[in-house]
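Here are the chains, one letter per residue:
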Amino acid sequence: MEERTETLYLEIFSEKINEIRKVMSSVIVGQERVVDLLLTVILAKGHILIEGVPGIAKTLLAKLTAKLIDAHFSRIQFTPDMMPSDVLGTSIFNLKTSEFNFHKGPVFADIVLVDEINRAPAKTQSALFEVMEERQATVDGVTYSMSPIYTILATQNPVEQEGTYKLPEAQLDRFLMKISMQYPTLDEEVTILERHHTNSRLAALENIRPVLTREELIQLCNHVGKVYADPTLFRYIASIIHQTRTSKAVYLGASPRASVALMQSAKAFALLQGRDFITPEDIKFIAPSVLHHRIILTAEAEMEGHTPLKIVQRLIDKVEVPK
């Protein structure tokens, strides 16, 4: 009886996920892989860093996702003159009560879009460390907890480097995934033009209704822990991570946090596909996005034109897939 209930639960969930994908594709042309990875990160209770040039719908993707899962959305535009209080909030003296009242900053939401995260200095970046790792913020000695579906979606421009700051490795490691949004294909660009021409690009975001309620999403996030993983897959994950530490092309390999992140992501991705067990293919699909921002290449490898993504993909292919 319990197994039948579980199957029915997965079927209902799959229908809702497919509905989310359908609405997303009606608004954003292409980017199906990005949508799947973003939903995986939310289910795995992680954070995501999206790299892409301006104008490819990164902000629209974040707003639309928040709408579809009934989440409170906020946006922070990082700039070089931004202070930590602009992110976390500040205490203001109330003349009537003679007390300080804390006014929460934009980081207090369910889905937080941090636009151009690499434009703020280290002092401001540090404001995100605690909230990303522990899902809480401490201001003036008082700790405020975030919501169970708290997710930071950060963006950065991979081309323009003037006036930017390199993200610390410790902060990069706190992002569950880093993905790149590419230009649309020729056919996809034609579709975008057609939609703009006919004024059917998208319904106003205000008219889009949530597909999942907050309670349903929290249930699903908690369900990720029940997804089955065969013990042979633990060794498979560990072997991939070990490859990043022994490769001659890698100066700094992935940490144990990366192993856990890969396992959690694989579970969330399997659930996203309507399954209650993970497969080696799940791990192979998400591993590049989980790992390539967590390694540092040697100077020789960089001079030869290698990128972390290419090296990670090569290392993954070297590990024997369990039967």
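Relevant structure appears above.
Residues numbered from 1 in each chain as written. Predicted model: local features only at pLDDT ≥ 70, side-chain atom pairs only at ≥ 80, totals over all residues. Heavy atoms only, no water.

**A closer look at the nonpolar core**
Counting 77 residues, the largest nonpolar core has Ile 20, Leu 43, Leu 61, Ile 283 and Leu 291 as the members making the most contacts within it. With nine residues, helix α11 (residues 256-272) is the largest single contributor of residues to this core. With residues near it in sequence (within four places) discarded, Leu 291 still touches Ile 240, Ile 241, Ala 254, Ala 258 and Val 312. Met 82, Met 132, Met 146 and Ile 152 belong to the second largest nonpolar core, which has 27 residues in total. (Core = buried A, V, L, I, M, F, W, Y, C linked by side-chain atoms within 4.5 Å. Buried < 20%, exposed > 50% of the residue type's maximum accessible area, 1.4 Å probe, protein only. Helix = DSSP H or I, 4+ residues; strand = E, 2+ residues; numbered from the N terminus. Contact = heavy atoms within 4.5 Å.)

**Brief notes about the layout of surface pockets**
Estimates place the volume of the largest pocket at around 760 Å³. Glu 51, Gln 156, Leu 172, Lys 178 and Pro 308 are, among the 29 residues lining the largest pocket, the residues nearest its centre. Grouping the constituent residues of the lining of the largest pocket by class yields twelve nonpolar, twelve polar and five charged. Within this model, the second largest pocket holds a volume of roughly 320 Å³. Lining of the second largest pocket is provided by 16 residues; of these, Gly 55, Ile 56, Ala 57, Pro 184 and Ile 192 occupy positions nearest its centre. Among the elements that line the lining of the second largest pocket, the one with the most residues is helix α8 (residues 186-197), at four residues. (1 Å grid on protein atoms, 1.4 Å probe; cavity = no way out; pocket = protein on both sides within 12 Å on 5 of 7 lines; lining within 4 Å. Points joined across faces, edges and corners; volume = space filled by probe spheres on them. Nonpolar A, V, L, I, M, F, W, Y, C, P; charged D, E, K, R; others polar.)

**Some thoughts on helix α10 (residues 231-246)**
Here α10 contains 16 residues, and its C-alpha end-to-end distance of 23 Å stays within 8% of the 22 Å for a straight helix at 1.5 Å per residue. Those residues of α10 that sit buried are Leu 233, Tyr 236, Ile 237, Ile 240, Ile 241 and Thr 244. For α10, the angular spread of the buried residues around the axis is 130°, confining them to a single face. The exposed residues of α10 that point more than 90 degrees off its buried face are Pro 231 and Arg 235. The inward-facing, buried residues of α10 contact β10 (250-252), α11, α12 (280-291) and α14 (308-318). (Expected span 1.5 Å × (residues − 1). Arc of directions from axis to C-beta.)

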